[in-house]
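# Summary of the model geometry
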Amino acid sequence: RKGCTDFPKIVKKVCQALPDVSFRLLGTSGLYRTKEEVLAQFPENLRDKLEIIPQFIPEELPKLLAACSVGIFPSYLEAFPFGVLEMLSASLPAIAYNSPGAPMMLSPEYLVPPGDTNAMSAKVVSLLSDRIKLADARLWAKQQSQQFCWEQIAMQTSKIYWESWQRKQVNYSL
């Protein structure tokens, strides 16, 4: 469901278009425990393009994302895509599959059909090939992330639950 097996295809296609590109894969320890296990999923000629960070502490995330330009999120299903929000908060436009989760945070221009590694790669290449487009996308990403304030969302959710509970109490007393 996470789409990690799509990464080798995406990396290959992006590297074909942009030979000097590199990738930083964060939090890979879910399926593959070690860097070596992750690297084994990629053709040998692409392995030097990859920096693998299987685990990190949350406080390290801003620094880890700071050196990145674009986020890739090929997940087939997410209840709430925290990874997308983390990338947006770091001013990284994220390209994701148009599957449950990501569309709540991303506009259609940053979404591709699930499993379409060609479309995902093309969008990544397009952003990385145009400095002005990338700068605009990074600004949009930061602004987009501001819509998702945990305290505000929690208060709205609590209010909805409270109002629903109150309506039920009135119906029970009738």
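Data block above holds the structure.
Read on for an overview of the structure. (Residues numbered from 1 in each chain as written. Predicted model: local features only at pLDDT ≥ 70, side-chain atom pairs only at ≥ 80, totals over all residues. Heavy atoms only, no water.)

## Observations regarding the overall build of the chain
To be explicit about the condition: Only DSSP runs of H or I reaching four residues or more are called helices, and only runs of E reaching two or more are called strands; each is numbered from the N terminus. Think of it in three bands: with a 1.4 Å probe and only protein chains considered, a residue is buried below 20% of the maximum accessible area for its type, exposed above 50%, and partly exposed in between. Two residues qualify as a contact provided that any one of their heavy atoms is within 4.5 Å of a heavy atom in the partner residue. Positive: Lys, Arg. Negative: Asp, Glu. His and the chain ends are not part of the count. Lysine's charge is taken at NZ, arginine's at CZ, aspartate's at CG and glutamate's at CD.
Tallying secondary structure elements over the chain gives 7 helices and 5 strands in all. Beginning at the N terminus, the succession of helices and strands in the chain can be written as α-β-α-β-α-β-α-β-β-α-α-α. Counting only C-alpha atoms and orienting by the principal axes, one finds that the chain spans roughly 70 × 40 × 30 Å. Each of the 174 residues in the chain was classed as buried or not, and the buried ones make up 38%. Contacts in the chain between residues far apart in sequence, at least 24 positions, make up 60% of those at least 6 positions apart. Here the chain holds 19 positive side-chain charges and 17 negative ones, and the gap between their average locations is 3 Å.

## Comments concerning the nonpolar core
In globular proteins that are soluble, nonpolar side chains generally tend to be buried together. Spelled out, the test is: Residues grouped as a nonpolar core are buried Ala, Val, Leu, Ile, Met, Phe, Trp, Tyr and Cys residues, joined through side-chain atoms within 4.5 Å.
Counting residues in each nonpolar core, the largest one holds 43 residues, and the members touching the most others are Val-11, Phe-23, Ile-95 and Leu-106. When residues in this core are grouped by element, the largest group, 5 residues, is from helix H1 (residues 7-17). Non-local contacts of Leu-106, meaning those with residues more than four positions away in its chain, are made with Val-84, Leu-88, Ala-94, Ala-96, Leu-111, Trp-140 and Gln-144.

## Brief notes about the environment of Val-21
Mapped onto the elements, Val-21 comes out in the loop between H1 and strand E1 (23-26). C-alpha separation for the pair Val-21 and Thr-34, spaced 13 residues apart in sequence, amounts to 23 Å. Those residues within four positions of Val-21 in sequence are excluded, and the remaining contacts are Val-14, Cys-15, Lys-49 and Leu-128.

## Some details on the sheet that holds strand E4 (residues 94-97)
Filter applied, for reference: Paired strands, in this sense, are two strands between which DSSP finds at least two bridges.
Spatially, 3 strands are ordered E3-E4-E5 in an open sheet, and the strand pairing comes out parallel. Since the sheet does not close on itself, it has two edges, and those belong to strand E3 (71-73) and strand E5 (111-112), each with one partner. Pairing analysis gives 3 bridges linking E3 to E4, with the strands arranged parallel. Bridged to Ile-72 within E4 is Ile-95.

## Observations concerning the pairing of E4
Let me state the cut-off plainly: Whether a crossover is right-handed comes down to one check: with the strands pointing away from the viewer, does the path from the first strand over the helix to the second run clockwise; if it does, it is right-handed.
Residues Ala-94 and Ala-96 point to one face of E4 and Ile-95 and Tyr-97 to the other, with burial holding for every one of them. At this point the chain moves from E3, through helix H4 (residues 82-89), to the parallel E4, and the crossover so formed is right-handed. Where E4 and E5 come together, 2 bridges link them in parallel fashion. Note on E5: the bridge partner recorded for Tyr-97 is Val-112.

## Thoughts on the side chain of Glu-78
Note the cut-off: For the purposes of these results, a polar contact is taken to be a pair of N or O atoms within 3.5 Å, where, inside protein, one atom must be able to donate a hydrogen and its partner to accept one; residues adjacent in sequence count only when each atom of the pair is a side-chain atom.
Looking at where Glu-78 falls in the secondary structure, it is placed in the loop between E3 and H4. Since its relative accessible area comes to 9%, Glu-78 is described here as buried. Polar contacts involving the side chain of Glu-78 include one to the side chain of Ser-75, which spans 2.7 Å.

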